[in-house]
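# Structure at a glance
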Amino acid sequence: MKIFSVVLLLPSISAFAPFGVTSVVHRNPCSALFSVADVKADFKLNPKTFLLDVREPGEWAEGHLALASPNPLSQLTKGTWMDSATGIFSPGSFPIDRHTGVAIMKNKKIYIHCKMGGRAKQAAALLTQMGYNDVVALEETFDQLAAAEICDVVMGEVQDLTD
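Source: prediction; values computed, not measured. Counting starts from 1 at the beginning of each chain's written sequence and moves along it residue by residue. A pLDDT threshold of at least 70 governs which residues receive local features in this predicted model, and a stricter bar of 80 or more applies before side-chain atom pairs are shown or counted, although totals over entire chains, interfaces and linings include all residues. As a rule here, side-chain values come from all non-hydrogen atoms in the structure, and water together with hydrogens is ignored.

Another point: the side chain of Asp53. Locating Asp53 in the fold gives a position in strand S1 (residues 50–53). Note on Asp53: relative accessible area 0%, which makes it buried. Whenever two N or O atoms come within 3.5 Å, that pair is a polar contact, provided that in protein one can donate a hydrogen and the other can accept it, and provided that, for residues adjacent in sequence, both atoms are side-chain atoms. Polar side-chain contacts of Asp53 include one of 2.7 Å to the side chain of Arg55. Any pair of residues with heavy atoms lying within 4.5 Å of one another is described as a contacting pair. Setting aside residues no more than four positions away along its own chain, Asp53 makes contact with Trp60, His64, Ala68, Ser69, Pro70, Asn71, Pro72 and His113. Secondary structure follows DSSP: runs of H or I at least 4 residues long count as helices, runs of E at least 2 residues long count as strands, and numbering of each begins at the N terminus. We call a residue buried when its accessible area falls under 20% of the maximum for its residue type, exposed when it is over 50%, and partly exposed in between, using a 1.4 Å probe and counting protein chains only.

Take a look at the structure:
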């Protein structure tokens, strides 16, 4: 009888929940699945969304997405950063926005891509550890992203960080 009364009580408790409150499902941003259409739509809705290309400079020079900022994985894993909450130092460097020359803010959405997807996953894990909270490692290859026409594909080396 006690079990029955508890079951009947649960629906009445939810009736007192604040209006508009929904449950929040937390996901691991490194493993989120996004289609190319989602990425294209995100860039149209929010032009300040970042696209990091973690391929090496030679790969970048052969062709890159015009919206991307070059941040080779080899550079992201160099250096040292300090967790401001704990004071602990860890290996890694903050990703730089090539248009401003400064580190990308931690509250910005960041899509990461590479040639085949492996380096993007490594970079996403590093950025998540560094406190970036909206990081997506794209599983599509560079060629698939280029074919999807997210933006123009351009060739050439980075002349300056802010080219």
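On to the sheet that holds strand S6 (residues 110–113), then. What the four strands build is an open sheet, ordered S3-S1-S6-S7; its pairing is parallel. Two strands in the sheet have a free side with no partner beyond their single neighbour: strand S3 (68–70) and strand S7 (135–137). On average, each strand axis in the sheet is tilted by 30° relative to the strand beside it, whichever way the strands run. A pair of strands counts as paired when DSSP detects no fewer than two bridges linking them. Axis lines are fitted through C-alpha atoms, for helices just across the contact stretch, and the angle between N-to-C directions can take any value from 0 to 180 degrees.

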